[in-house]
Amino acid sequence: MNALKSLVLGFVAGVVAAATVSEAISWIFVHYWTGWNAEPWSLRPMPSLLIPQLVLPWLLANSITAGLWGALFGLILGWKPIGMMTIRGAILGLFGPGLIGSFLVVPYLAHQASPLIEGDVSQIVPILCISAGFGAVAAWLYGLFSWGRLP
C-alpha cells in the first residue's frame, strides 16, 4: 500500500471515528459528567479558527479535522498495520488531537487559556477520553480498511 492510499484510508477512518465514537463519548460526558457542556452531534454553524469567514456546521468541521488527524495516523501506522492497533491508536489520540490539538494549538488560535494550564479537570478528563477513544477507533478502522481484516 502506498502513501496516498494510507492518507485516504486514514482520512476516512478519522471521519468515521469522529462522527460516531467521539460524539458518543461526548454525549456520555454531557449526561454523566459535571462541567462538560459540548453539544454532541451539533450542526450549529461555527467560524473556522484559521479562516474566520469560513463557517461550517460544527460536526462537519470536526469531522474534517479528525480526518486530517486520521490521515496522519495512517502515515504513522504504516502500510501494513499489525499488532495492537487500538492501543497504538489510543496513544496517538492522546498525544495528537488531545495534548497537541486541544491543549496547545486550539487555545493558541482561539486566544484562550488552555484547560491544561488552568487545571480545569472538568475539561481535561473529557478531552483526553474523547481523544483516546477517537484514536483507538480510527486506528482500528484504518487497520480494517487497509488490511481487509481485523489486525
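All figures in this text were calculated on a predicted structure; none of them were measured in a lab.

Rules and cut-offs
Residues numbered from 1 in each chain as written. Predicted model: local features only at pLDDT ≥ 70, side-chain atom pairs only at ≥ 80, totals over all residues. Heavy atoms only, no water. Axes fitted to C-alpha atoms, helices over the stretch in contact; angles between N-to-C directions. Helix = DSSP H or I, 4+ residues; strand = E, 2+ residues; numbered from the N terminus. Left-handed = near helix turned anticlockwise from the far one by under 90°. Nonpolar A, V, L, I, M, F, W, Y, C, P; charged D, E, K, R; others polar. pLDDT = per-residue confidence, 0-100. Phe/Tyr/Trp six-rings, centres within 6.5 Å; stacked < 30°, edge-to-face > 60°. Buried < 20%, exposed > 50% of the residue type's maximum accessible area, 1.4 Å probe, protein only.

Remarks on the packing of helix 1 (residues 3-32) against helix 5 (residues 121-147)
The description of two packed helices rests on the angle between their axes and on the distance between the axes. Look at helix 1 against helix 5: their axes get within 7 Å of each other, and the N-to-C directions meet at 145°. As helix 1 runs across helix 5, the sense of the crossing is right-handed. Here the contact of helix 1 with helix 5 is composed, by residue class, of 19 nonpolar, 7 polar and no charged.

Topic: the confidence of the model for the chain
Mean pLDDT for the chain: 90, with 97% of residues reaching 70 or above. When mean pLDDT is compared element by element in the chain, strand 2 (residues 55-57) scores highest at 94, while helix 4 (residues 115-118) scores lowest at 90.

Quick notes on the packing of aromatic side chains
Scanning all chains against the criterion turns up 3 aromatic pairs. Between phenylalanine 29 and tryptophan 33 the ring centres are 5.6 Å apart and the planes differ by 80°, which places this aromatic pair in the edge-to-face class. Residue classification places tryptophan 33 among the partly exposed residues on the basis of a relative accessible area of 32%. Relative to phenylalanine 134, the ring of phenylalanine 73 lies with its centre 5.9 Å away and its plane at 45°, an arrangement referred to as tilted. Of this pair, phenylalanine 73 sits in helix 2 (residues 58-77) while phenylalanine 134 sits in helix 5, and the two are 61 residues apart along the sequence. A relative accessible area of 3% means that phenylalanine 73 is categorised as buried. Its relative accessible area of 4% is what places phenylalanine 134 among the buried residues.

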